[in-house]
Amino acid sequence: MRYSMAMKCGLLILAWLLMPRMVGAANPFVTDIYTADPAVHYFEGKYWVYTTHDEPDALGDFKMLDWRVYSSPDLKEWTDHGVVMHLDDIAWAEEGAWAPDVVEKDGIYYMYFPVDRSKIGVATSTSPTGPFVDALGGPLVTSEMDNAPHMTIDPATFIDDDGQVYMYFGNDDPIAGVAHGGNPLENRQTPRVVKLKPNMLELDSAILDVTGVDNFFEAPWMHKHNGTYYFTYACNGIFSEICHATSDSPLGPFQRRGAIADRLLSPLSLTNHHSTIEGPDGQWYFFYHTTELSKGNWHRRSVAVDKMFYNADGSIQKVRRTFMGVGDKGFVNTGETSAGYHHVDNDGNLWHKDRNFSDRGNIHTTSDSIRGTDNDSIYQVQRFSQGTWWSKKPLNYHFLVDNGNYEVKLHFAETFFFWNNARTFDIDVEGQRVYNDLDIHREAGHDRALVKTFNATVNDGELNIDLLPGRNNPTIAGIEIRKL
Ligand code: FUB
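Residues numbered from 1 in each chain as written. Predicted model: local features only at pLDDT ≥ 70, side-chain atom pairs only at ≥ 80, totals over all residues. Heavy atoms only, no water.

Secondary structure summary: the protein contains 6 helices and 34 strands in total. Sorting the 484 residues of the protein into buried and exposed places 58% on the buried side. For the protein, contacts bridging at least 24 residues in sequence account for 58% of all contacts bridging at least 6. Put simply, the protein shows about 19,900 Å² of open surface, and 50% of that area lies on carbon and sulfur atoms. (Helix = DSSP H or I, 4+ residues; strand = E, 2+ residues; numbered from the N terminus. Buried < 20%, exposed > 50% of the residue type's maximum accessible area, 1.4 Å probe, protein only. Contact = heavy atoms within 4.5 Å. Areas by Shrake-Rupley, 256 points an atom, 1.4 Å probe, with all protein chains shown as cover.)

And the structure:
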């Protein structure tokens, strides 16, 4: 067959679109689209995270149309494999491609997926990257079967050492709890568990309550560690914490062991949804989602990962949310987005979203091209501190990171003033003065990229960068951090 030039171009573009792509390493580790509800697994020598996908125009409610997968050899660098299944592929589903889970048995991958907030289906594939195909032509579990008034969601599968597969899920409707006068922060549901038959397409037991679990909200997950079964779950209503309970049987009864993630894990997120896995180094990892990338929009979330530790008595410590995640480099565009960082202002307030600054007009943008860089967009949006010229204020950045040695690159350009000495400021990294009196126009005016590189040693889990006003308020375009 002969191809025209246009067809060849079209095929090349299609091939490029279908090619797996590298995504980020710092938290959140997917930043080109909104992803939520990570379910992590180890298949075929790699780690795989199945996610849901929040549409960028979601407003006031979830808008979720497909499921996606990312893989990694080491849980640090991720490859995007795109969509594994779309709502359009399921004849009996109308909406709500909510939190799925995937399990492998005898070379076949089974994806358990909730739709319409009230039905769980199952789809199969011969590859972890899909495509997954609806296996039953209808649901495996419905709210009617589950005896739940409104919702049956969040399937999570677990294969025990004897090969028995269990499926846990959540139910009921937190919004109904609010509508019926319930306190959403105390809204309680009852998690369920059911055994699956060896064919993975049929139930092999009655649907049972998971007992002994306190303040269950949604998003169950099961893992086994040192012979103990850990049931972990979103607890204590909306703006969920994550709790854990243990048992010597996957069916319970469970003993409550408290929260392993508090609301600060993702303070601006209405929901939280996690999964856990042991990494290549024997370290345990905790996947979850946050809303910082969307500046606090509850329905546009982003997946993140941090380390998880056990106490000597087998309980799990509170997970510490970090900027770097488990990767070794991170970048913050201080003007455009607030992905993966928080900021403590001059008055000691902890800001979790960029909007607090832009509302006060402390962003300067330019469409001019920037000299000395091939990445204009980093420098075209600059962050200014919220001071005035008569009451100048610093910019303080406090990144939660692991202890160790770091290289810090600060990116600047003076895109506002046109004369030398108009804006000067000092730079402290980890409380040490690393630069005195940076005359930003002299070094980076006008519209010229400037990168300053410093080293820092972190001993207390926080990497602090402070820009202190001299003549006028400080400005910055981006911060790059690399673990040495
Ligand atoms: O993503 C939609 C729903 O929000 C999930 O099913 C819940 O676990 C919560 O994360």
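There's more to say after this.
Sheets are built from strands paired through backbone hydrogen bonds, the pairs being either parallel or antiparallel. An order of S15-S16-S17-S18 is seen for the 4 strands of this open sheet, with the pairing classed as antiparallel. Taken across any chain shown, the strands that pair with only one partner, and hence form the sheet edges, are strand S15 (216-225) and strand S18 (255-261). When strand polarity is set aside, the average angle formed by the axes of neighbouring strands in this sheet is 25 degrees. With 5 bridges connecting them, strand S17 (residues 241-247) and S18 associate as antiparallel partners. (Pairing = 2+ DSSP bridges. Axes fitted to C-alpha atoms, helices over the stretch in contact; angles between N-to-C directions.)

Attention now goes to the site of the ligand. Residues in contact with the ligand, as listed here, are Asp-37, Phe-62, Met-64, Trp-98, Ala-99, Asp-154, Glu-218, Ala-219, Thr-271, His-273, His-289 and Arg-301. In the model, an oxygen atom of the ligand is placed 2.8 Å from a nitrogen or oxygen of the Arg-301 side chain. The fraction of the free accessible surface of the ligand (270 Å²) that becomes covered by protein chains is 100%. A per-class count over the shell around the ligand returns 5 nonpolar, 3 polar and 4 charged. (Near = heavy atom within 4 Å. Polar contact = N/O pair within 3.5 Å; in protein donor to acceptor, adjacent residues only side chain to side chain. Nonpolar A, V, L, I, M, F, W, Y, C, P; charged D, E, K, R; others polar.)

This next bit is on the state of the cysteines. Under the criterion given, the structure shown has 1 disulfide. The disulfide that involves Cys-235 links it to Cys-243, with 2.1 Å between the sulfurs. The chirality of the disulfide connecting Cys-235 with Cys-243 is right-handed, given an S-S dihedral of about 75 degrees. Accessibility classification places Cys-235 together with Cys-243 in one group, the buried group. (Disulfide = S-S within 2.5 Å.)

Next up on the list: empty space enclosed by the protein. Evaluation of the coordinates by the stated rule reveals 2 cavities of 30 Å³ or more. Considering only enclosed or pocket space, the second largest cavity measures out at about 40 Å³ in volume. Together, Pro-38, Ala-39, Ala-99, Pro-100, Asp-101, Asp-154, Pro-155, Ala-156, Pro-220, Trp-221 and His-273 line the second largest cavity. Mapped by element, the contributors of at least two residues to the lining of the second largest cavity are strand S2 (34-43), strand S11 (152-159) and S15. If you tally residues by element for the lining of the second largest cavity, the top one is S11, at 3 residues. (1 Å grid on protein atoms, 1.4 Å probe; cavity = no way out; pocket = protein on both sides within 12 Å on 5 of 7 lines; lining within 4 Å. Points joined across faces, edges and corners; volume = space filled by probe spheres on them.)

Per-residue pLDDT for the protein has a mean of 87; in total, 86% of the residues score no lower than 70. Confidence over residues 11-18 falls short of pLDDT 50; this stretch has 2 contacts with residues more than four positions distant or in other chains. Across residues 343-361, confidence stays below pLDDT 50; counting only partners more than four residues off in sequence or on other chains, it has 48 contacts. (pLDDT = per-residue confidence, 0-100.)

Right, let's talk about the layout of surface pockets for a bit. To find leftover empty space, a probe the size of one water molecule is rolled over the atoms. In this structure, the largest pocket spans a volume of roughly 530 Å³. Those elements that provide at least two residues to the lining of the largest pocket are S2, strand S6 (101-105), S11, S15 and strand S19 (275-278). Within the lining of the largest pocket, the residues separate by chemical class into 10 nonpolar, 4 polar and 5 charged.

On to the side chain of Ser-294. Position of Ser-294 relative to the elements: it lies in the loop between strand S20 (284-290) and strand S21 (302-308). Taking relative accessible area as the criterion, Ser-294 reaches 12% and is therefore assigned buried. Among the polar contacts listed, one links the side chain of Ser-294 to the backbone nitrogen of Asn-297, at a separation of 3.1 Å. Of the polar contacts made by the side chain of Ser-294, one reaches the backbone oxygen of Arg-300; its length is 2.7 Å. Beyond its immediate chain neighbours, meaning those up to four positions away, Ser-294 contacts Tyr-34 and Arg-300.

Time to look at the pairing of strand S4 (residues 64-72). Across the 9 residues of S4, 8 count as buried, placing the element largely inside the fold. Judged from the 7 bridges that link them, strand S3 (residues 46-54) and S4 form a sheet pairing that is antiparallel. Residue pairing across strands places Trp-48 opposite Ser-71, the latter belonging to S4. Pairing geometry for S4 and strand S5 (residues 79-86), over 5 bridges, is antiparallel. Bridging from a neighbouring strand, Asp-66 pairs with His-86 of S5. With antiparallel pairing between neighbouring strands as the criterion, S4 and S5 make up a hairpin whose turn holds 6 residues, including Leu-75 at a positive phi of roughly 70 degrees.

A few words now on the pattern of salt bridges. For the structure shown, the criterion picks out 23 salt bridges. Among the ionic pairs, Lys-105 bridges to Asp-106, the shortest N-O distance being 3.9 Å. As a salt-bridge pair, Glu-414 and Arg-423 come within 2.7 Å of each other at their nearest N and O atoms. Classification of Glu-414 by relative accessible area gives buried; the value is 1%. A cluster of three or more residues bridged by salt bridges with shared partners is formed by Asp-37, Asp-54 and Arg-301. (Salt bridge = Lys/Arg side-chain N within 4 Å of Asp/Glu carboxyl O.)

Turning to the environment of Thr-52, a few remarks are in order. Secondary-structure assignment places Thr-52 in strand S3. With 17 residues separating them in the primary sequence, Thr-52 and Thr-35 have C-alpha atoms 5.5 Å apart. Of the polar contacts made by the side chain of Thr-52, one reaches the side chain of Asp-37; its length is 2.8 Å.

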